[in-house]
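Observations on the three-dimensional arrangement
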Amino acid sequence: MTIEAVDTRARGLRPHRTEAVEVASAIRRIDWLLLGGMVALLAYGLWAISGITARDVTGNANYFVVRQAVYAAVGCLGFVALLFVDPMLLVLLGGTVSRHSKRWLDIGFFRFQPSEFGKLLFVLFLAGFLADRARRVGESRTVLEAIGFGLIPILLVFIQPDIGTAMVYAAALAAVLFVAGVRWVHLAALAAGTVVMIMAVLWLLPASGVHVLKDYQAKRITGFTHPDSDPAGATYNVAQSINAVGAGGVKGRGEAGATQTNLNFLPEHATDFAFASLAEQRGFVGVSVLLLLYLLVVWRGLKVIAIARDAFSAIAAAGIVFAFLFQVFVNVGMNIGVAPVTGIPLPFVSVGGSALIANLLAMGVLQAIYIRGAARPKAYR
């Protein structure tokens, strides 16, 4: 029996509930700005979806927003649960990352995309690998091993085919290598190899008769450089998206006046091109609010990296933040015609349960890292 327990009994009191103390302590150390940004993004995304999809299901204007709200509730439960789980324990899950040969799995009441949830496990596994080899991270062998482990899920996702998600995995790989302290010469070699691989897939191999991508995929990826080259075919989506963004002007056309969205000229307006639909309905003002909320979350995410208690936590936080930023950047870019159309969803806005829940879980891990970093004495932060 401990001295504290004896003293407690002597005073006629019950022993303190350790669990309650830990919960209260964790709540006090939450990054409230990050939490506020996440909640605001979630609410703004649901509001945007309610307008974007109001005319998509005849007789049920709230069909998609209600479904998205249910997914949000599930994701929030996961978010809260992860606050009380040490991120190091999640590395055990990261070691079991696997991919299905198809992009979606159907379990009756819910179709989910394993690769969306795999992003988080991918980052955690690589962070654990690199943190464990912190003293050898400058060696070529360590870098090659990390890249090799990363390429396995990247290639499996790529051949589903899901080029957009594979790009997010690759961006996360680059981020964790950078934050882990990989030498610049290794990063430069990785960048050069990536450029060569892209050129080979899009131009060199097809010129020799080997087609890695289907014709429509290659045209979509390269079509953003000439959006008017095939307005009725491969570049139709990009052209209509640019028109929708431009039509929104400063204040937008409103829900009723957004003809590009309402008349279905803008394809995939609830998923891939949700940003363009929001721009048409709410204009520059509406999308500026969204981008500022993204900026808030990214800023606080960088704070999490700075305050992380150890190398693993810092590397994992960096992978999560950069993957999040990359998704925003590419999705917005493809909606305004400056990035290839790859099917990357807009975080917290595009309709889809897998992406929304996965993003909320990632935010939960970020908060968990912040909570444990904030628990350290200030002298060690």
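Figured I'd write up the structure that's included with this text. Because the structure is predicted, anything quoted here is derived from the model rather than measured.

With that settled, consider the overall build of the protein chain. The number of helices and strands found in the protein chain is 16 helices and 2 strands. Taken over 381 residues, the protein chain has a buried fraction of 47%. Considering only residue pairs separated by 6 or more positions, the protein chain has 71% of its internal contacts joining residues 24 or more positions apart. Looking at the protein chain as shown, the accessible area adds up to about 18900 Å², and 66% of this sits on carbon and sulfur atoms.

For the rest of this paragraph, the subject is the pattern of salt bridges. Counting across every chain of the model gives 8 salt bridges. For the salt bridge of Lys-119 with Glu-116, the shortest nitrogen-to-oxygen distance reads 2.9 Å. Highlighted residues: Lys-119 and Glu-116, both in helix 6 (residues 114–132), separated by 3 residues, approximately one helical turn. Taken individually, Lys-119 and Glu-116 each receive the classification buried, so the pair is uniform in this respect. For the salt bridge of Arg-133 with Asp-132, the shortest nitrogen-to-oxygen distance reads 3.3 Å. Connected through shared salt-bridge partners, Asp-86, Arg-309 and Asp-310 make up one network.

Enumeration over the complete set of coordinates arrives at 8 aromatic pairs. A ring pair is formed by Phe-122 and Tyr-169, whose centres lie 4.8 Å apart and whose planes are at 50°; its orientation type is tilted. With a gap of 47 residues between them, Phe-122 in helix 6 and Tyr-169 in helix 8 (residues 163–180) connect regions that are remote in the sequence. Through successive ring pairs, a cluster of aromatic residues spans Phe-125, Phe-129 and Phe-149. In this structure, Arg-300 is placed above the aromatic ring of Trp-299, and the distance from its NZ or CZ to the ring centre is 4.6 Å.

Before going further, it helps to spend a moment on unusual backbone geometry. Apart from glycine, the bulk of residues carry a negative phi angle, and the bulk of peptide bonds sit in the trans form. In this structure, Asn-264 takes a positive phi of about 65° despite not being glycine. Residue position: Asn-264 is located in the loop between helix 13 (259–262) and helix 14 (274–307). The phi dihedral of Phe-348 falls on the positive side, at around 70°, and the residue is not glycine.

Basis of the calculations
- Residues numbered from 1 in each chain as written.
- Predicted model: local features only at pLDDT ≥ 70, side-chain atom pairs only at ≥ 80, totals over all residues.
- Heavy atoms only, no water.
- Helix = DSSP H or I, 4+ residues; strand = E, 2+ residues; numbered from the N terminus.
- Buried < 20%, exposed > 50% of the residue type's maximum accessible area, 1.4 Å probe, protein only.
- Contact = heavy atoms within 4.5 Å.
- Areas by Shrake-Rupley, 256 points an atom, 1.4 Å probe, with all protein chains shown as cover.
- Salt bridge = Lys/Arg side-chain N within 4 Å of Asp/Glu carboxyl O.
- Phe/Tyr/Trp six-rings, centres within 6.5 Å; stacked < 30°, edge-to-face > 60°.
- Lys NZ or Arg CZ within 6 Å of the ring centre and 35° of its normal.

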